[in-house]
Amino acid sequence: MILLAASKLYGTAAVWRRRWYASSPSRRRRLDRPVISVGNLSTGGSGKTPVVAHIAALLASHGERPAILSRGYGRTEPTARVTIVSDGTTVLAPLARAGDEPLMLARALPNVPVIVATDRYEAGRVAERTLGVTVHVLDDGFQHLGLERDVNLLIASPKDLSDQVLPAGHLREPLTAASCADALLVEGPASAVTMKLGVDTAFLISRTIGAPRWLRSGEPASIPSGAAILAVAGIARPDRFFADLEAAHLRPSATLVFRDHHPYSDADIERIARSAHDAAATVVLTTEKDAVRLSAKNLGDLRVAAVPLTAAIEPPFAGWLFERIRQASAPGAQQPASGSRHRAASSRRAT
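In this text the structure is predicted, and so the values were computed from the model without any measurement. (Residues numbered from 1 in each chain as written. Predicted model: local features only at pLDDT ≥ 70, side-chain atom pairs only at ≥ 80, totals over all residues. Heavy atoms only, no water.)

### A short note on the packing of aromatic side chains
Threshold: Pairs were defined over the aromatic rings of Phe, Tyr and Trp, the Trp ring being its six-membered one, requiring ring centres within 6.5 Å. Orientation was assigned from the angle between planes: stacked under 30 degrees, edge-to-face over 60, tilted for the rest. For each residue, the accessible area found with a 1.4 Å probe, counting protein chains only, is set against the maximum for its type, and the residue is called buried under 20%, exposed over 50%, and partly exposed in between.
Using the criterion set out here, one finds 7 aromatic pairs in the structure. Ring geometry for Trp20 against Tyr21: centres 5.1 Å apart, planes inclined by 85 degrees, an arrangement best described as edge-to-face. On the accessibility criterion, Trp20 (35% relative accessible area) is partly exposed. An aromatic cluster is present here, built from Trp16, Trp20 and Tyr21 joined pairwise through their rings.

Here is the structure:
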């Protein structure tokens, strides 16, 4: 009962906050270049980072110069200044100042600038002034209402429909906030999600794990069939990672879970080594996000391999997205606030 009352209070505050920004467009600052926001309603575990990477790579492949703007959750040495994690040529910031996800993105997309700051408007200004970017990808931006966006993408799941607002559930806002999205990105059957959330435009996303790669060398890791595996995950929803391994016939003999963005200590490495010994595991498999944090540690004799996760969005998304960017980039274009603009004629209803 107390949790439900707290959830109602939290949800009311979230609704009021969104209405406060919507009541006066001047409260949102606008960058010179178009902004594509990628976010979700739930707290973590929705696969935003692979989707952000996919969109940034898509933009770059079509001649754009995208920058990824991130808050940099999990930094152990945060700064009030804008941090250039990558200038699109060189990785410039260490893990402590970059955060695990921005550093992972910088390494995966060597030609895409990655900028970290609490104030992502200032991050975008730096990207425009010094790095020559033509479009911004706002990572985890659905609730970052102080920055105007030209494309508002919401990652949604059928699980969201039965969830509750914090602290009773995992939702940051009530489901009604989804109406502010220009399009949903949905993994799995989309019709029920679009109907419930009231967003006509939806595109299907797919997730795929790749072949493991050794942490030390980056070379492909050949895992013999039937090998004893310890799976280690410090992410929001480790069960998804373990299920992915099962589906790829990399069944863990044992699992070890840490909290999301956990900064691994020497004691944690010893714990992993003990768990591997107890399970007679010959290899430790972990996520790419964990690998970023683990690679900074002395792993001793541990044989650790990272399992990459990639996301893809169905092909019609590209045409829809570039049309929105074209409209936003047209001379004299001034888009109204996301969620209130007219839906593009090319929008497609999910089936």
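### Let's talk about the sheet that holds strand β2 (residues 66-70)
What counts, and what does not: For two strands to pair, DSSP has to find at least two bridges joining them. Only runs of H or I of at least four residues qualify as helices and only runs of E of at least two qualify as strands under DSSP, and these elements are numbered from the N terminus. Comment: axis = line fitted to C-alpha atoms, over the contacting stretch for helices; angle = value between 0 and 180 degrees taken between N-to-C directions. When checking whether two residues touch, look at their non-hydrogen atoms; a contact exists if any pair is within 4.5 Å.
Sheet architecture is open: 9 strands sit in the order β3-β4-β2-β5-β1-β6-β7-β8-β14, paired in mixed fashion. Two strands bound the open sheet, and with one partner strand each, they are β3 (83-86) and β14 (309-313). Sheet twist, expressed as the average angle between the axes of neighbouring strands with direction ignored, equals 25 degrees. In the sheet, β3 pairs with strand β4 (residues 114-116) via 3 bridges, with the strands oriented antiparallel. Bridge pairing links Thr83 to Val116 in β4. Together, β1 (35-40), β5 (135-139), β6 (151-156), β7 (183-186), β8 (202-209) and β14 form the strand contacts of helix α10 (residues 316-329), whose direction differs from that of β6 by roughly 150 degrees.

### Looking at the environment of Ala123
When you line up the elements, Ala123 lands in helix α5 (residues 120-130). Using a relative accessible area of 0% as the deciding quantity, one classes Ala123 as buried. Along the backbone, Ala123 and Thr83 are 40 residues apart, and their C-alpha atoms lie at a distance of 7.9 Å. Among residues more than four places away in sequence, those in contact with Ala123 are Leu69, Val82, Ile115 and Ala117.

So yeah, pure geometry; function would need other evidence.
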